[in-house]
Number of protein chains: 4
Amino acid sequence: MARPKSEARRQTIIDSAIKLIAREGLGAATAAIAKDAGVPNGSLFTYFPTKVELFNALYTEIKEELISTVDDGLSNAGDEREQLLHVWARWTRWGAANGEKRRVLAQLSMSEDVLESTKMAGFAAAHRSVNLIRQVARHGALRGQDSAFVGAVVESLANTTMDFMSRNPKHAEEVCMSTFEFLWKALR
Amino acid sequence: MARPKSEARRQTIIDSAIKLIAREGLGAATAAIAKDAGVPNGSLFTYFPTKVELFNALYTEIKEELISTVDDGLSNAGDEREQLLHVWARWTRWGAANGEKRRVLAQLSMSEDVLESTKMAGFAAAHRSVNLIRQVARHGALRGQDSAFVGAVVESLANTTMDFMSRNPKHAEEVCMSTFEFLWKALR
Amino acid sequence: MARPKSEARRQTIIDSAIKLIAREGLGAATAAIAKDAGVPNGSLFTYFPTKVELFNALYTEIKEELISTVDDGLSNAGDEREQLLHVWARWTRWGAANGEKRRVLAQLSMSEDVLESTKMAGFAAAHRSVNLIRQVARHGALRGQDSAFVGAVVESLANTTMDFMSRNPKHAEEVCMSTFEFLWKALR
Amino acid sequence: MARPKSEARRQTIIDSAIKLIAREGLGAATAAIAKDAGVPNGSLFTYFPTKVELFNALYTEIKEELISTVDDGLSNAGDEREQLLHVWARWTRWGAANGEKRRVLAQLSMSEDVLESTKMAGFAAAHRSVNLIRQVARHGALRGQDSAFVGAVVESLANTTMDFMSRNPKHAEEVCMSTFEFLWKALR
DNA sequence: GATGAATGAGGATTCATTCAT
DNA sequence: TATGAATGAATCCTCATTCAT
């Protein structure tokens with residue numbers, strides 16, 4: 001009974017938060033986000049009791065979108081190389097096409113307001129790619145390193161790649177592929 | 001009347017800014033920085049008329065320190081591999097040993113408050129390493145890519161490496177060397 | 001349709017209100033009270049259309065409990081002294097044992113949100129004690145004073161006494177009795 | 001150097017705080033206090049970094065005024081009775097004439113925001129009256145009780161008395177004197 | 001009737017920068 | 001020049017009450 005929380009409303013707030021945080025950083029005012037979302041400022045706090053909780057929800061939401069994009073179709077890919085290429089291409093293309101989300105995710109990843117537990121949950125959800133990367137790297141230069149480190153190396157490379165892809169849409173595919181070769185050579 | 005009185009004072013402010021920004025992010029209050037530096041809040045603005053100017057000075061200062069650390073002795077290194085190793089080891093060891101500066105530099109690099117011109121000056125000052133990297137990469141997977149991109153790839157790798165080195169001091173050297181092999185294989 | 005469904009529910013709300021107001025003052029949020037009571041926040045307003053009405057109900061409820069505690073057995077007490085002792089002992093012991101209620105009553109008594117009419121009704125309900133006190137005081141130092149004033153004097157003494165009794169449970173009885181002697185000497 | 005804090009300004013803020021808190025309780029808005037004082041809201045926090053610190057300053061200020069009023073001329077009073085009368089009359093007349101301050105002090109005394117240390121300092125400053133009261137009470141009904149308790153008893157009596165005096169200015173003196181007799185009889 | 005989401009006017013506090021001293 | 005008080009818009013969040021379901 002009573003009015004249920006509106007999923008649509010929640011999503012509008014998330015969307016506006018992404019837009020404004022991409023533009024103004026984590027300092028973006030909750031009131032501005034609410035206004036952009038077309039909801040009264042108090043209502044933002046009905047959905048996210050705290051700015052920090054909004055940050056965490058944002059992190060989870062974006063990370064999940066990314067992971068499901070990357071994972072989608074992964075099981076149909078062929079050998080290790082094909083699989084890594086699948087992950088890499090989907091990852092970087094998503095990032096190139098979703099600049100705001102990518103930038104927001106980058107900010108949130110560096111923020112102390114996103115709880116360690118939230119970050120770890122994101123890491124855990126990415127297990128398919130993480131495992132793949134670990135497997136690929138098992139004989140290469142990074143063999144024996146903590147898989148979190150290997151993952152972080154790949155992630156930082158991905159971020160740099162996405163960044164250049166969106167700045168340079170014409171050469172995006174080429175950058176994507178070159179960097180994949182770079183990665184492949186180094187990792188194995 | 002030359003520069004405002006004390007160079008020492010300027011440096012104290014810079015140091016406190018690094019300390020507080022590392023701890024609290026770019027939102028650290030100018031008054032808090034001044035207080036930590038033992039300087040009246042108004043005086044901070046004698047040295048840096050604006051918080052943004054403080055940011056830019058900070059960026060330049062840290063970047064210069066990093067570059068001079070990396071460049072120091074570079075001309076004595078042997079072949080390309082030795083030279084790159086020199087750069088890599090000095091870079092990452094500096095970062096591992098100077099966590100606050102590294103973190104502040106990372107924040108500033110993402111901030112819109114640090115002017116494009118400031119960032120470009122930093123890039124230009126790093127020309128020796130940049131050239132070296134470009135040269136090493138001239139036949140590898142990233143051949144033909146914008147040298148800013150190649151530089152960014154190496155930089156992101158360095159950042160990730162430094163991060164793990166300082167979190168894991170006992171394995172710092174091992175991480176440093178493995179990652180160098182990773183880089184070397186990939187780049188050539 | 002008679003009174004809203006559940007008397008029990010009303011009482012739960014009252015109890016939670018006492019608990020939270022004792023702890024946080026009259027600023028305690030209605031939502032917090034409802035939550036503590038295990039009642040949806042909207043429902044609180046079914047029972048008490050306004051926070052002010054909740055305050056008034058609280059005042060009346062606590063005052064009634066106090067008065068009935070004090071009046072109970074009063075008719076069996078002997079002479080004036082015995083009767084006053086009966087009143088005094090029951091009053092202060094109740095207060096010592098019901099710290100939260102006492103503190104809430106004190107807050108409400110000072111609040112402008114409790115209507116004058118509510119306060120007067122409480123005063124009227126206490127007529128047995130009030131009359132007794134007036135009677136005892138008819139020859140003493142306060143003879144001729146407004147009986148509301150005499151009552152207020154005794155009440156303030158009682159409040160101070162209860163306060164010390166609950167802070168100092170071991171000497172509670174002693175404090176109770178000494179203060180009675182104090183009162184008795186002064187009043188007659 | 002620089003602009004010194006203005007004692008006058010501080011006092012204006014204190015005065016406005018007394019006025020508004022007397023009228024609206026401790027919930028009076030800092031912004032309203034600042035506005036009433038004719039200072040920008042931010043300036044209030046230059047003088048009192050926190051609302052709680054304002055409360056503590058208020059408590060101390062009012063208590064000091066009261067104590068110095070009461071103590072003034074006390075050493076010229078004659079025997080114990082005269083001295084107690086001096087204290088009593090000055091105390092209650094001050095309260096009757098300074099309704100706002102008295103009400104504010106009463107609110108602050110009950111507030112958890114006024115630190116125990118602040119309250120204790122106030123108690124300590126009142127040592128002359130406290131000692132006098134203890135001395136007077138040394139043989140009476142309250143002999144052997146904690147002097148804080150004896151003091152509290154007298155204080156509560158004083159508060160009730162002042163309250164009636166200001167409500168009933170025509171009988172103020174009579175109430176004052178009757179209550180003194182009450183106190184004298186009870187205490188000795 | 002019961003529920004709990006919706007509302008938006010406050011509320012305390014912060015802060016970069018200015019300017020009187 | 002050095003100082004630190006002054007400023008007021010901006011910030012996150014709260015809350016009594018209403019009203020859709």
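Predicted model, so just to flag it, every value in this text is computed and none were measured.

(A) The packing of aromatic side chains, seen in detail. In this structure the tally under the stated criterion is twelve aromatic pairs over all chains. When the ring of A:Trp88 is compared with that of A:Trp91, the centres are 6.5 Å apart and the planes differ by 65°; the resulting orientation is edge-to-face. Separated by three residues within a single helix, A:Trp88 and A:Trp91 lie in helix α5 (residues 80–97), roughly one turn from each other. When sorted by exposure, A:Trp88 lands in the same class as A:Trp91, which is buried. An angle of 25° between the planes, with centres 6.1 Å apart, marks the rings of C:Phe180 and C:Trp184 as stacked. Remark: C:Trp184 and C:Phe180 occur in helix α10 (residues 172–187); sequence separation between them is four residues, near one turn of the helix. The burial state of C:Phe180 is the same as that of C:Trp184; both residues are buried. Here the basic side chain of B:Arg167 rests over the ring of B:Phe164, its NZ or CZ set 4.8 Å away from the ring centre.

(B) Layout of the protein's contact with DNA strand E. The environment of DNA strand E is formed by 35 residues, the closest being A:Ala2, A:Arg3, A:Arg9, B:Thr30 and B:Phe45. Backbone atoms, meaning sugar and phosphate, form 69% of the atoms of DNA strand E found within 4 Å of the protein. At a separation of 2.9 Å, a phosphate oxygen of DNA strand E approaches a polar side-chain atom of A:Tyr47. The contact in question runs from a base nitrogen of DNA strand E to an N or O atom on the side chain of C:Asn41, over 3.0 Å. For the surface near DNA strand E, the elements supplying multiple residues, two or more each, are α3 (41–47) of chain A, α3 (41–47) of chain B, α3 (41–47) of chain C together with α3 (41–47) of chain D. Per-element accounting of the surface near DNA strand E gives the leading share, five residues, to α3(A). Looking at the surface near DNA strand E residue by residue, the class counts come to 13 nonpolar, 14 polar and eight charged.

(C) Structural detail: the UniProt feature "domain: HTH tetR-type" (unreviewed entry) in chain A. According to UniProt, the feature "domain: HTH tetR-type" (unreviewed entry) maps to residues 7–66 of chain A in the numbering used here. Summarising residues 7–66 of chain A: 82% helix, 0% strand, and an end-to-end C-alpha distance of 20 Å.

(D) Structural context of the relation of the copies chain C and chain D. Relative to chain D, chain C is turned by 180° and slid 0.0 Å along the rotation axis, the superposed coordinates differing by an RMSD of 0.1 Å. The symmetry that links the two subunits is that of a two-fold axis. Taking the C-alpha atom as reference, chain C places C:Ala186 closest to the rotation axis, 2.2 Å from it. Most of the interface of chain C is mirrored in chain D, where 93% of its interface residues are also at the interface.

(E) How the structure looks around the domain arrangement of chain A. Residue and element names in this part refer to chain A. With domains assigned, chain A is organised as domain 1 (1–49) and domain 2 (59–187). Once you take the C-alpha centre of each, domain 1 and domain 2 turn out to be 28 Å apart. Each partner contributes to the interface: domain 1 provides nine residues, whereas domain 2 provides nine residues. Between domain 1 and domain 2 the total buried area reaches about 760 Å² when both faces are included, carbon and sulfur atoms providing 65% of it. It is Ile 18, Ala 22 and Leu 26 in domain 1 that bury the most area against domain 2; as a group they hold 64% of the surface buried on that side.

(F) Quick look at the protein's contact with DNA strand F. As a structural note, the neighbourhood of DNA strand F is formed by 35 residues, with A:Lys51, C:Thr30, C:Phe45, D:Ala2 and D:Arg9 the closest of them. Contacts to DNA strand F include C:Thr30, whose backbone N or O atom sits 2.7 Å from a phosphate oxygen. Within the side chain of D:Tyr47, a nitrogen or oxygen atom sits 2.9 Å from a phosphate oxygen of DNA strand F. Among the elements of the structure, α3 of chain A, α3 of chain B, α3 of chain C together with α3 of chain D are those that each provide at least two residues to the surface near DNA strand F. Looking at the surface near DNA strand F element by element, the count peaks at five residues for α3(D). For the surface near DNA strand F, the per-class residue count stands at 13 nonpolar, 14 polar and eight charged.

(G) Spotlight on the pattern of salt bridges. By the definition in use, this model includes 44 salt bridges over all chains. With its nearest N and O atoms 2.9 Å apart, the salt bridge here joins B:Glu173 to B:Arg93. In this pair, B:Glu173 is assigned in helix α10 (residues 172–187) and B:Arg93 in helix α5 (residues 80–97), connecting sequence segments 80 residues apart. A relative accessible area of 38% means that B:Glu173 is categorised as partly exposed. For B:Arg93, a relative accessible area of 38% gives the class partly exposed. Here D:Glu61 makes a salt bridge to D:Arg10, at a shortest N to O gap of 3.2 Å.

(H) Examining the interface of chain B and chain A more closely. At the junction of the two partners, chain B supplies 28 residues and chain A supplies 27 residues. The junction of chain B with chain A conceals about 2,400 Å² of combined surface from both sides, 71% of it contributed by carbon and sulfur atoms. Together, B:Phe149, B:Phe182 and B:Lys185 form the three largest contributors to the area buried by chain B at its contact with chain A, with a combined 26%. Viewed at the interface, chain A and chain B are joined by zero salt bridges. Here chain B is connected to chain A by eight residue pairs in polar contact (both at pLDDT 80 or more).

What counts and what doesn't
- Starting afresh in each chain, residues are numbered from 1 along the sequence in its written order.
- Starting at A for chains and at 1 for ligands, labels are handed out in the order in which the entities are written.
- This being a predicted model, a pLDDT of at least 70 is required before a residue's local features are given, and a value of 80 or more before pairs of side-chain atoms are given or counted; all residues contribute to the totals for chains, interfaces and linings.
- Heavy atoms throughout the structure, all of them, feed into the side-chain values; hydrogens and water do not.
- Only centres within 6.5 Å qualify two rings of Phe, Tyr or Trp (six-membered ring in Trp) as a pair; their planes then separate them into stacked at under 30 degrees, edge-to-face at over 60, and tilted for everything else.
- Helix numbers and strand numbers start at the N terminus; a helix is a DSSP run of H or I with at least 4 residues, a strand a run of E with at least 2.
- Throughout this description, buried means an accessible area under 20% of the type-specific maximum (1.4 Å probe, protein chains only), exposed means over 50%, and partly exposed covers the range between.
- The rule for a charge over a ring is simple: NZ of Lys or CZ of Arg within 6 Å of the ring centre, and within 35 degrees of the ring normal.
- Note on terminology: near, applied to a residue and a molecule or strand, indicates that one of the residue's heavy atoms is within 4 Å of it.
- Under the rule applied, a polar contact is a pair of N or O atoms within 3.5 Å (in protein, one hydrogen donor and one hydrogen acceptor; residues adjacent in sequence only if both atoms are side-chain atoms).
- As a working rule, the residues Ala, Val, Leu, Ile, Met, Phe, Trp, Tyr, Cys and Pro are called nonpolar, Asp, Glu, Lys and Arg charged, and the rest polar, with Gly in that last group.
- UniProt positions are given in the numbering used here, feature names are shortened, and annotations may be inferred rather than shown by experiment.
- Here the copies are superposed with least squares, the fitted atoms being C-alpha atoms of residues at a pLDDT of at least 70 in both.
- For this analysis, residues touch if any pair of their heavy atoms sits within 4.5 Å.
- Domain segmentation is taken from an automatic or database assignment of domains.
- For any pair of parts, buried area is found by adding up, for both, the accessible area (1.4 Å probe) each one loses once the two are put together.
- Any Lys or Arg side-chain nitrogen located within 4 Å of an Asp or Glu carboxyl oxygen qualifies as a salt bridge.

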